[in-house]
Amino acid sequence: MADAGVIFDLDGVLIDSEGLYYRAYSEVLKPYGVSVTQREYEEYWIAQGIGPEYIVEKHKLPVAPDTLRQLRSPIFLQLLKTEATLMPHVEETLTQLSQHFGLTVATNSRREHLDFVLRWFGLDQFFDHTAARQDYERAKPEPDAFLAAAKKLGLARERCVVVEDTYRGVTAASRAGIACIAVPNAYTQNNDFSQAALVLSNLGEVTPEVVRSLL
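Keep in mind that this is a model prediction, so the values were computed, not measured.

Criteria and cut-off values
- Residues numbered from 1 in each chain as written.
- Predicted model: local features only at pLDDT ≥ 70, side-chain atom pairs only at ≥ 80, totals over all residues.
- Heavy atoms only, no water.
- Salt bridge = Lys/Arg side-chain N within 4 Å of Asp/Glu carboxyl O.
- Helix = DSSP H or I, 4+ residues; strand = E, 2+ residues; numbered from the N terminus.
- Buried < 20%, exposed > 50% of the residue type's maximum accessible area, 1.4 Å probe, protein only.
- Pairing = 2+ DSSP bridges.
- Contact = heavy atoms within 4.5 Å.
- Axes fitted to C-alpha atoms, helices over the stretch in contact; angles between N-to-C directions.

Peer 1: Explain the pattern of salt bridges to me, using residue names and the numbers behind them.
Peer 2: Enumeration over the complete set of coordinates arrives at 17 salt bridges. Two residues, K140 and D9, come together in a salt bridge whose shortest N-O distance is 2.9 Å. Taken together, the residues span a long stretch of sequence, with K140 in the loop between α6 (111-120) and α7 (144-153) and D9 in the loop between β1 (5-8) and α1 (18-29) at a distance of 131 residues. Of the residues examined, K140 reaches a relative accessible area of 7% and is grouped as buried. Between K30 and E27 there is a salt bridge; the shortest N-O distance is 3.5 Å. Residue K30 is classed as exposed on the basis of its relative accessible area, which comes to 56%.

Encoded structure:
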């Protein structure tokens, strides 16, 4: 067993999916005559994680927030199958890091979404265990996802490093007491990353030496 581990977020870190989520929610909201700006999406869906609650309240929609999430799922899954791509440097970074550390994924996404993505892109070879939304009680920005991931790796949280792309994820890592590397993307570049130990421009900069420096 490795003596240290790296915990990756999924959406926006391993797969380029934030824009697909945005399009899926836009499609779901069309019948209600509602549109969401990209700025709203970045703030309420990505940074805070309360997008459906926000939009239902703002427009007094006759639907529950969780219903919007359910309606989004099949649309998003189809977009994943037809248009999703990996973020830059994913395969080379996972290959390099897997030689030195235990690797896992901790995501707010549900198990069926996570497992599909890892299989679809051939990333499941890098992760023996993962933490999906069904595996812990409270979603990010609470620490539960990352604490569950560390436990799956069989490691103390001090022996782990998180890689995230959102304020919500960095906050969750901070609350878990785990050092965090932020790798922003086009949808999260304006998030507050002040709680991150490092902010890097792409996943290729997450080297074994960088990870070791944070343990």
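Read on for the rest.
Peer 1: Outline the sheet that holds strand β5 (residues 198-199), listing residues and values.
Peer 2: The sheet built from five strands is open, its strands ordered β2-β1-β3-β4-β5 with parallel pairing. In the strand order of this sheet, the two ends are held by β2 (102-105) and β5, each with one partner. As paired elements, β1 and β2 share four bridges and run parallel to each other. Within β2, the residue paired with V6 across the bridge is L103. Sheet contacts for α7: β1, β2 and β3 (160-164); angle to β1, the most-contacted strand, approximately 140°.

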